Amino acid sequence: GNSVTQMEGPVTLSEEAFLTINCTYTATGYPSLFWYVQYPGEGLQLLLKATKADDKGSNKGFEATYRKETTSFHLEKGSVQVSDSAVYFCALKGDTGRRALTFGSGTRLQVQP
Amino acid sequence: GAGVSQSPSNKVTEKGKDVELRCDPISGHTALYWYRQSLGQGLEFLIYFQGNSAPDKSGLPSDRFSAERTGGSVSTLTIQRTQQEDSAVYLCASSLEAVSSSYEQYFGPGTRLTVT
């Protein structure tokens, strides 16, 4: 079945540091890939997505590239802010069968001023 | 426009009682999902409704859990004879189920269930 593996957290960075959160997946076919973010006390929000190989999703300074050869969708941001402190979830939706999202375990990011 | 809404936002119940959680999806969204977010298990899929098709119940953890969706809109998740391990945040999501939207799911704020 489908699965998503994310790097363990928490990740603690200073403001303006470079961020990478690793995400790899297992799926047959051509899944769609997503990053969701959950800010403290809030619900899940879609951060970015990519639906085919080599697509780059981007939003709010975050980027992730769908790499089919390495089955990865790593999240990056060049300069993090305190307001980026949140839990980040990598997720996939398969192109066949179940429509529901398969989530990674989440990575908590803490950005210090 | 209005997003996905869920009620109640918090629910505390005694072990053994039944609870009902409500989800109001985005208008026009044909698909509705229930997920559960708990400390030990992360985010787990529970059940999926799409139009008039039979729901995909493959994620329901036991027969104490059931859900229905009336008129293709509002959904209710029912947990009978609650147990302490049912304590979690229950999330509802809806989507347009169209290739053009990449089947993007929009999540509600969740219902935090605490079973004492």
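Read on for a plain summary of the structure. Remember, predicted model here, so these are calculated numbers, not experimental data. (Residues numbered from 1 in each chain as written. Chains lettered and ligands numbered in written order. Predicted model: local features only at pLDDT ≥ 70, side-chain atom pairs only at ≥ 80, totals over all residues. Heavy atoms only, no water.)

## Considerations on the state of the cysteines
Formally, a disulfide is one covalent bond, and it connects the sulfur atom of one cysteine to the sulfur atom of another. Which entries qualify depends on this criterion: Only a pair of cysteine sulfur atoms within 2.5 Å counts as a disulfide in this structure description. Numbering goes from the N terminus for both helices and strands, where a helix is a DSSP run of H or I of at least four residues and a strand is a run of E of at least two. Using a 1.4 Å probe on the protein chains alone, a residue whose accessible area is under 20% of its type maximum counts as buried, one over 50% counts as exposed, and one in between counts as partly exposed.
Counted according to the given criterion, the structure contains two disulfides over all chains. Two residues share a disulfide in this structure: Cys23(A) and Cys90(A), whose sulfurs sit 1.9 Å from each other. In this structure the cystine formed by Cys23(A) and Cys90(A) twists about its S-S bond by roughly -70°; its chirality is therefore left-handed. Of the two residues, Cys23(A) is situated in strand β4 (residues 23-26) and Cys90(A) in strand β10 (residues 86-93); the sequence distance between them amounts to 67 residues. Each member of the pair, Cys23(A) as well as Cys90(A), is classed as buried. Note on cysteine connectivity: Cys23(B) is disulfide-linked to Cys92(B), with sulfurs 1.8 Å apart. Judged by the sign of its S-S torsion, about -65°, the cystine formed by Cys23(B) and Cys92(B) is left-handed.

## Focus on the environment of Thr51(A)
With respect to the secondary-structure elements, Thr51(A) resides in the loop between β6 (44-50) and β7 (56-59). Between the C-alpha atom of Thr51(A) and that of Lys93(A), which follows or precedes it by 42 residues, the distance is 9.4 Å.

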